[in-house]
Amino acid sequence: QVQLVESGGGLVQAGGSLRLSCAGSGRSFSSYAMGWFRQAPGKEREFVAAINWNGEVTYYTDSVKGRFTISRDNAKNTMYLQMNSLKPEDTAVYYCAQDQLWAIRLGKLSTTGSWGQGTQVTVSS
């Protein structure tokens, strides 16, 4: 199993930027795809972005395309989410996940998948 720890959340004004990090430990980081999800108050957790094992393939939900960039550094066992042009509707707890790419894109992790504990992002208007 892997342990995932998110960091980088905080309070930012609309139009601002934040970079989230997700550090992994406990198993081969580069062997698995990674992803970001978010959950706003009163809403279900939703897919945000995914990246394959070597960073060459990425996917985004439509609402963040052109504003968010997912990346990873396997040498540092870390994944990132660069968030620009933030909007109040981006406010949520952001979670990172590790699993097979198909499972992350579905948002339903398999028995080999893992979640981080989440980091709060708040965008003020």
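Everything below is about the structure printed above this text.
Residues numbered from 1 in each chain as written. Predicted model: local features only at pLDDT ≥ 70, side-chain atom pairs only at ≥ 80, totals over all residues. Heavy atoms only, no water.

A. Main features of the overall build of the protein. Along the protein, the regular secondary structure elements total 1 helix and 11 strands. Ordering the α and β elements of the protein from the N terminus gives β-β-β-β-β-β-β-β-β-α-β-β. Relative to its full complement of 125 residues, the protein shows a buried share of 44%. Long-range pairs, those at least 24 residues apart, make up 58% of the contacts in the protein between residues at least 6 apart in sequence. (Helix = DSSP H or I, 4+ residues; strand = E, 2+ residues; numbered from the N terminus. Buried < 20%, exposed > 50% of the residue type's maximum accessible area, 1.4 Å probe, protein only. Contact = heavy atoms within 4.5 Å.)

B. Expanded view of the nonpolar core. Counting 25 residues, the largest nonpolar core has Trp 36, Val 48, Phe 68, Met 79, Leu 81, Met 83 and Tyr 94 as its most contacted members. Secondary-structure elements contributing two or more residues to this core are strand S3 (18–25), strand S4 (33–39), strand S5 (46–51), strand S7 (68–73), strand S8 (78–83), strand S9 (92–99) and strand S11 (119–124). Residue contacts for Met 79: discarding those within four places in its chain leaves Leu 20, Ser 21, Cys 22, Phe 29, Met 34, Gly 35, Trp 36, Ile 51, Ile 70, Ser 71, Arg 72 and Cys 96. Membership of the second largest hydrophobic core comes to 6 residues, among which are Ala 33, Ala 50, Ala 97 and Ile 104. (Core = buried A, V, L, I, M, F, W, Y, C linked by side-chain atoms within 4.5 Å.)

C. Examining the sheet that holds S7 more closely. As summarised here, the arrangement of the 4 strands in space is S1-S3-S8-S7, forming an open sheet in which the pairing is antiparallel. The two strands at the open ends of the sheet, each matched to only one other strand, are strand S1 (3–7) and S7. Strand-to-strand, the axes of this sheet are offset by a mean angle of 15°, without reference to chain direction. Where S1 meets S3, 5 bridges bridge the pair, whose relative direction is antiparallel. Directly across from Glu 6, in S3, lies its bridge partner Cys 22. (Pairing = 2+ DSSP bridges. Axes fitted to C-alpha atoms, helices over the stretch in contact; angles between N-to-C directions.)

D. Highlighting the pattern of salt bridges. Per the stated rule, a full pass over the model turns up 4 salt bridges. A salt bridge links Arg 38 to Asp 90, with the nearest nitrogen and oxygen atoms 2.9 Å apart. In this pair, Arg 38 sits in strand S4 while Asp 90 sits in the loop between S8 and S9, placing the two residues 52 residues apart along the sequence. Its salt-bridge partner being Asp 90, residue Arg 67 comes within 2.8 Å of it at the nearest N-O pair. You can see Arg 67 sitting in the loop between strand S6 (58–60) and S7 and its partner Asp 90 sitting in the loop between S8 and S9, a full 23 residues away along the chain. (Salt bridge = Lys/Arg side-chain N within 4 Å of Asp/Glu carboxyl O.)

E. Representation of the side chain of Asp 99 within the structure. Along the chain, the position of Asp 99 falls in strand S9. The class of Asp 99 is buried, set by a relative accessible area of 0%. Only 3.1 Å separates the side chain of Asp 99 from the side chain of Thr 112, close enough to count as a polar contact. (Polar contact = N/O pair within 3.5 Å; in protein donor to acceptor, adjacent residues only side chain to side chain.)

F. Representation of the environment of Ser 7 within the structure. Assignment of secondary structure puts Ser 7 in strand S1. For Ser 7, a relative accessible area of 37% corresponds to the partly exposed category. Taking the C-alpha atoms as reference, Ser 7 lies 5.2 Å from Ser 21; in sequence the two are 14 residues apart.

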